[in-house]
Amino acid sequence: MSSIVIMGSQWGDEGKGKMTDYLAQDADMVVRFQGGNNAGHTITFNGNTYKLQLVPSGIFEPSKVNIIGNGVVVNPQALLKELQILKKAHVDTSNLKISSRAHLILPYHIQLDISQEKQRGKGKVGTTHNGIGPAYMDKAARIGIRMCDLLEKDTFAAKLKENLVQKNALFTKIYDEKPFDFDELFAQYYEYGQQLKPYVTDTSVLVNQALEKHQKVLFEGAQGVMLDLDHGTYPYVTSSNPIAGGALTGAGVGPQSLQRMVGICKVYSTRVGEGPFPTELKDETGDYIRQTAHEYGTVTGRPRRIGWFDAVAMRHAKRVSGMNCLSLNLLDILTGLKTIKICTAYELDGQKIDYYPASLKELERCRPVYEELPGWEENLTQMTKFEQLPENAQHFLKRIEEVTGLPLITVSVGPSREQTIILQDAWEE
Ligand code: GDP
Ligand code: IMO
Ligand code: MG
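As a convention, each chain's residues are numbered from 1 in the sequence order in which they are written. Chain letters start at A and ligand numbers start at 1, both assigned in the order the entries are written. Per-residue local features of the predicted model are confined to residues with pLDDT of at least 70, and side-chain atom pairs are confined, for both listing and counting, to 80 or more; whole-chain, interface and lining totals are unaffected and use all residues. Working from all heavy atoms in the structure, the side-chain values ignore hydrogens and water.

**A few points about the pattern of salt bridges**
1) Next: What makes a salt bridge here is a side-chain nitrogen of Lys or Arg within 4 Å of a carboxyl oxygen of Asp or Glu, nothing more. In this structure the tally under the stated criterion is 17 salt bridges.
2) Next: For the salt bridge of Arg-304 with Glu-295, the shortest nitrogen-to-oxygen distance reads 2.6 Å. As far as the burial class goes, Arg-304 and Glu-295 line up, both buried.
3) Next: One salt bridge in this structure joins Arg-365 and Asp-349, with 2.9 Å as the shortest N-O distance. Here the residue Arg-365 occupies a position in helix α12 (residues 360-365), and Asp-349 occupies one in the loop between β16 (339-348) and β17 (351-353), the gap between them amounting to 16 residues.
4) Next: Buried means the residue's accessible area, taken with a 1.4 Å probe over protein chains only, is under 20% of the maximum for its type, while exposed means over 50%, and partly exposed covers the values in between. We classify Asp-349 as exposed; its relative accessible area is 53%.
5) Next: Three or more residues joined by partner-sharing salt bridges are found here, namely Asp-13, Lys-266, Glu-295 and Arg-304. Each helix corresponds to a stretch of at least 4 residues labelled H or I by DSSP, and each strand to a stretch of at least 2 residues labelled E; elements are numbered beginning at the N terminus.

Now the structure itself:
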């Protein structure tokens, strides 16, 4: 297998960082393909924990090339800060490459994100306030500023000036906010560009060269399928495509390049921000899981909403994303629960349905149909083989395979690299 796509199969925070870091040990290249610093990917090994937002999760393997692809929206200030933190931790970042085609997030995108959310009031999306949506808006409107533009003084000046005319009119006339000063922004961001210059290149050339040489390329998605702009719970989604298809446009490779599509998922569900969540647990079990797993947003610190495993959402995610196997995380968290529920179908207006409704009104009327499985008491965190797991845990895992129609390739029993049970080598044919 010379390529693997890692993608979130739920609403994000499924443990993509952990699995990317794990699989990167055998990869030659790791490529982030969408999203921006709305992502928070946690990696734990040798007793240290790192939280990455823009830098790919393969960065801890100094010999591997780590790429920020053209589909990522890059906040230069945030990226430089992240690089600084890594440098302090003695992590070598010299093998990082940034696409010259990646679009920038500038301070006015962040302000616009905040202003738009404020204006939506109760209907807010609950974004991370990192300017993600407005940056992708500008990209689609063909007024975005790319990494290559930032490096050309005249181009950057002209584009920034043009953008500020429009954005400042919005801030002063509609949102009652202060305008941005061109000189200040230009000087600060041109300087950031100069600091990032050594990393900037045509990354699609590098990825395609690696694939042609049959090197192992790991594509790292951010967010999750249920937050996908096209296939998620719109409008409560992010503004990019976390599905495997996003890796094609976001890394600049052809469809034949993608081989194994690994859906990363939790044994329960979580969601940060607003939006429908049919299996949500607003009770003690939800609180118990939140506390045990420390389910608080990596980026914003918000408590994550907790729900049971939702096989309807998973089958939807599988259908639209090309996912062909699962990496299941946080099994250890369920220890101590008497019973565990899996949602196998929804009931809508008295009818059992097996699809994920597009209409939010229909979704609101959906009632989850649950199957209840017996739990276990054993601590799983030191277990390294499937056979060591309690019988009920094994049964639970087999049911997940059955209800999703996807084989499990790994099961994770703790945040650390070593706490990973391998069922199949992801790189093997
Ligand atoms: P990502 O955004 O998909 O990379 O996931 P996050 O890093 O935002 O959230 C996943 C959280 O679960 C992190 O704190 C991980 O350290 C943690 N984690 C991952 N796998 C496991 C596991 O199997 N057990 C436990 N207890 N924690 C895990
Ligand atoms: P990782 O990669 C979980 C959510 C936000 C909000 C919605 C839109 O760590 O899994 P945005 O700032 O993207 O415009 O917010 O998407 N969201 C995430 N939730 N994990 C993430 O990333 C997320 N990135 C965005 O909470 O509901
Ligand atoms: Mg996260």
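Structure shown, so let's carry the discussion forward.
**Quick look at the UniProt feature "binding site: Mg(2+)" (unreviewed entry) in the protein**
1) Next: Mapped onto the present numbering, the UniProt feature "binding site: Mg(2+)" (unreviewed entry) falls on Asp-13 and Gly-40. Across 28 residues in sequence, these annotated residues keep their C-alpha atoms within 7.6 Å of one another, forming a single compact spot.
2) Next: Given the relative accessible area of 21%, Asp-13 is considered partly exposed.
3) Next: Only heavy atoms enter the contact rule, under which two residues are in contact if any of them lie within 4.5 Å. When neighbours within four sequence positions are excluded, Asp-13 is seen to be in contact with Gly-40, Lys-266, Thr-270, Val-272 and Arg-304.
4) Next: Secondary-structure assignment places Gly-40 in the loop between β2 (29-32) and β3 (41-45).
5) Next: With a relative accessible area of 12%, Gly-40 lands in the buried category. UniProt positions are given in the numbering used here, feature names are shortened, and annotations may be inferred rather than shown by experiment.

**Some details on the coordination of the magnesium ion (ligand 3)**
1) Next: Counted as donors are N, O and S atoms no farther than 2.8 Å from the metal, or 3.2 Å for Na, K and Ca; water is not among the atoms, and sites may therefore look incomplete. The protein atoms that coordinate the magnesium ion (ligand 3) are Asp-13 (OD) and Gly-40 (O), at distances of 2.0 to 2.2 Å. One end of the pair, Asp-13, is in the loop between β1 (3-8) and α1 (16-24); the other, Gly-40, is in the loop between β2 and β3, and 27 residues separate them in sequence.

**Observations regarding the site of ligand 1**
1) Next: Here a residue is near a molecule or strand as soon as one of its heavy atoms is found within 4 Å of it. Surrounding ligand 1, one finds 19 residues, the nearest of these being Lys-16, Gly-17, Thr-42, Asp-332 and Ser-412.
2) Next: At 2.8 Å, a backbone N or O of Gly-15 approaches an oxygen atom of ligand 1.
3) Next: We call two N or O atoms a polar contact when they sit within 3.5 Å, provided that within protein one can donate a hydrogen and the other can accept it, with sequence-adjacent residues counted only if both atoms are side-chain atoms. Within the side chain of Thr-298, a nitrogen or oxygen atom sits 3.1 Å from an oxygen atom of ligand 1.
4) Next: Using a 1.4 Å probe, accessible areas were evaluated by the Shrake-Rupley method; residue-level cover was limited to the displayed protein chains. Taking 590 Å² as the accessible area of ligand 1 by itself, protein coverage stands at 91%.

**Some words on the pairing of β3**
1) Next: With four of its five residues buried, β3 lies for the most part within the structure.
2) Next: For two strands to be treated as a pair, DSSP must find at least two bridges joining them. Pairing between β3 and strand β4 (residues 48-52): five bridges, direction antiparallel. By the bridge assignment for β4, Thr-42 is matched with Lys-51.
3) Next: Taking the residues between adjacent antiparallel strands as the criterion, β3 and β4 are bridged by two residues, where Asn-46 takes a positive phi near 50 degrees.

**Topic: the side chain of Glu-82**
1) Next: Its location among the elements puts Glu-82 in helix α2 (residues 76-88).
2) Next: By the counting rule applied here, Lys and Arg register as positive and Asp and Glu as negative, while His and the ends of each chain are not counted. For the buried Glu-82, no salt bridge exists, and the shortest N-O distance to an oppositely charged side chain is 6.9 Å, to Arg-32.
3) Next: For Glu-82, the contacting residues outside a window of four places in its chain are Leu-52, Gln-53, Leu-54 and Val-55.

**A look at the site of ligand 2**
1) Next: Around ligand 2 sit 21 residues in total, of which Asp-13, Lys-16, His-41, Thr-128 and Thr-238 are the nearest.
2) Next: Contacts to ligand 2 include Thr-128, whose side-chain N or O atom sits 2.7 Å from an oxygen atom.
3) Next: Expressed as a share of its isolated accessible area of 550 Å², the protein-covered part of ligand 2 is 97%.

**What to know about a negative patch on the surface**
1) Next: Patch members must show over 30% relative accessible area and no salt bridge, and they are joined within 9 Å when carrying like charges or within 5 Å when they are nonpolar side chains of Val, Leu, Ile, Met, Phe, Trp or Tyr. Think of each charge as sitting on NZ of Lys, CZ of Arg, CG of Asp or CD of Glu. Together, Asp-26, Asp-425, Glu-428 and Glu-429 give the surface a local cluster of negative charge.
2) Next: Mapped onto the elements, Glu-428 comes out in the segment after β20 (420-422).

**Considering the packing of aromatic side chains**
1) Next: Geometry of aromatic contacts follows a simple scheme: Phe, Tyr and Trp rings, the Trp one being its six-membered ring, pair when their centres are within 6.5 Å, and the pair is stacked under 30 degrees between planes, edge-to-face over 60, tilted otherwise. Enumeration according to the criterion identifies 11 aromatic pairs in this entry.
2) Next: Considering the side-chain rings of Phe-182 and Phe-186, the 5.6 Å spacing of their centres and the 15 degrees angle between planes classify their relative orientation as stacked. You can see Phe-182 and its partner Phe-186 sitting in helix α7 (residues 182-196), four residues apart, about one turn around the helix.
3) Next: Exposure remark for Phe-186: the relative accessible area of 15% places this residue in the buried category.
4) Next: Pairing Trp-376 with Phe-396 gives two aromatic rings, centres 6.1 Å apart and planes at 50 degrees, and the pair type is tilted.

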